[in-house]
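# Overview (structure and organization)
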Amino acid sequence: MFSYVSPEQRVPSDHPLRAIRVLVDEVLGAMSPEFDGLYASIGRPSVPPERLLRAQLLQIFYSIRSERLLMEQLDYNILFRWFVGMDMDEPVWTPTVFTKNRDRLLNQEIARSFFRQVLARAASLMSDEHFTVDGTLIEAWAGQKSFQRKDGGSDGDGRNFHGQSRKNDTHASTTDPEARLYRKGNAMEARLAYVGHLLIDNRQGLIVDAMATQADGFAERDAALQMLQAQDHARPRRRTLGADKSYDTVDFVAGVRACGAIPHVTQNLKRAGGSAIDGRTTRHPGYAQSQARRPRVEPAFGWLKTIAGLRKVKLRGLANVDALFIMASAAFNLLRLPKLLRAAA
């Protein structure tokens, strides 16, 4: 079928992807020197990393559950072709080609660089003094039956493990060895999982930093300190860090203060020894303000786990999960930026 109407003309002028595409064009243009080293100089032409990133964003925005369905949509969806930058008669990649090139080219460094470029365009909107941190469980792409003994012993077929002692010290998943058996609370079941961490600003609720780690009892607090230390400390004013009561430990509170920030952590009065936060912190109005703004992290987690599909990640290995979590966090910021920038103009 021949048509005189281009994809650019078919996409409505007020479509939400138009404003997002402008931002993506700016970000990818700034990353062009990094992409130059990713192109192969010999062999068959490589899939452009820019197109891989655009297609990855579409998969996140539209909750497309597999690469096969993404390629199907890219084949006949004019909007998708326009966003990726493909001509109407240009053949799409096979799912295997897309997946192999994505895994080879879009690593943690590229995802982190993309996130930083997006964040730079939101710098004028965000607070650089008041933050909130939290973590969430990301279920691994591995089943309970894959959690087998490391010494090669037998636990049966893995269907019935009641009464058995299954620990990360003695067991590991044969499907995803880097996943850890973990549960967020005493009344919850243990699952093979990773933990995703977010640092958000208290003004707009935008994601300032994101990372995924292996799941253990110290992961959330260790990641929070790591993300806080990564922030620019050039400004003389002291910063605040809000968090829920699971962060109310002596070591974490001391670590936040060592970073030059004030820990506005919810008091855990039932903890043995009492809360590590006393009246010297809670008496100030800023503490109550941080606690009131702390729930702003929940919409980000909700979007990442439902729309971006990170409730149960479909990749294996910490490096892949971390790269996807960072890309999804950048997509969350991209989705909100156009409206925020228009309001600030």
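Structural data are supplied above this passage.
Residues numbered from 1 in each chain as written. Predicted model: local features only at pLDDT ≥ 70, side-chain atom pairs only at ≥ 80, totals over all residues. Heavy atoms only, no water.

### Some points on helix H10 (residues 250–258)
Note the threshold: A 1.4 Å probe rolled over the protein chains alone gives each residue an accessible area, and that area as a share of the maximum for its type sets the label: buried under 20%, exposed over 50%, partly exposed in between. Strands here are runs of E lasting at least two residues and helices are runs of H or I lasting at least four, both read from the DSSP assignment and numbered beginning at the N terminus. In this description, one arc is meant: the one made by directions from the helix axis to the C-beta atoms.
Taken together, the buried positions of H10 are Phe252, Val253, Gly255 and Val256. In a view along the axis of H10, the buried residues occupy a sector of 160°, so they form one face of it. Seen from the buried face of H10, the exposed residues on the opposite side, beyond 90 degrees, are Val250, Asp251 and Ala258. A positive phi of about 80° marks Gly260, the residue just after H10.

### Re the packing of helix H2 (residues 16–30) against helix H14 (residues 318–344)
Just so we agree on the cut-off: Simply put, an axis is a line fit to the C-alpha atoms, just over the touching stretch for a helix, and the angle between two N-to-C directions goes from 0 to 180 degrees. Throughout this description, any angle smaller than 35 degrees is read as roughly parallel, any larger than 145 degrees as roughly antiparallel, any in the 65 to 115 degree range as roughly perpendicular, and the remainder as oblique. In this description, contact between two residues means that some pair of their heavy atoms is separated by no more than 4.5 Å. We call Asp, Glu, Lys and Arg charged. Ala, Val, Leu, Ile, Met, Phe, Trp, Tyr, Cys and Pro are nonpolar, and the rest, Gly among them, are polar.
Contact pair H2 / H14: the axes reach a minimum separation of 9 Å and the direction vectors enclose 100°. In terms of their interaxial angle, H2 and H14 are classed as roughly perpendicular. In this structure, H2 uses Ala19, Ile20, Leu23 and Val24 to contact H14, whose residues at the interface are Leu334, Leu335, Leu337, Pro338, Leu341 and Arg342. Each residue belonging to the contact of H2 with H14 can be placed in one class, and the counts come to nine nonpolar, no polar and one charged.

### Let's talk about the pairing of strand S6 (residues 207–214)
Formally: We treat two strands as partners when DSSP finds at least two bridges between them.
In terms of burial, S6 is a largely internal element, seven of the eight residues being buried. Direction of pairing for strand S5 (residues 191–201) relative to S6: antiparallel, over a ladder of seven bridges. From the neighbouring strand, Leu198 faces S6, where its bridge partner is Ala210. Here S5 folds back onto S6, and the loop between the two strands holds five residues, one of which, Gly205, carries a positive phi near 75°.

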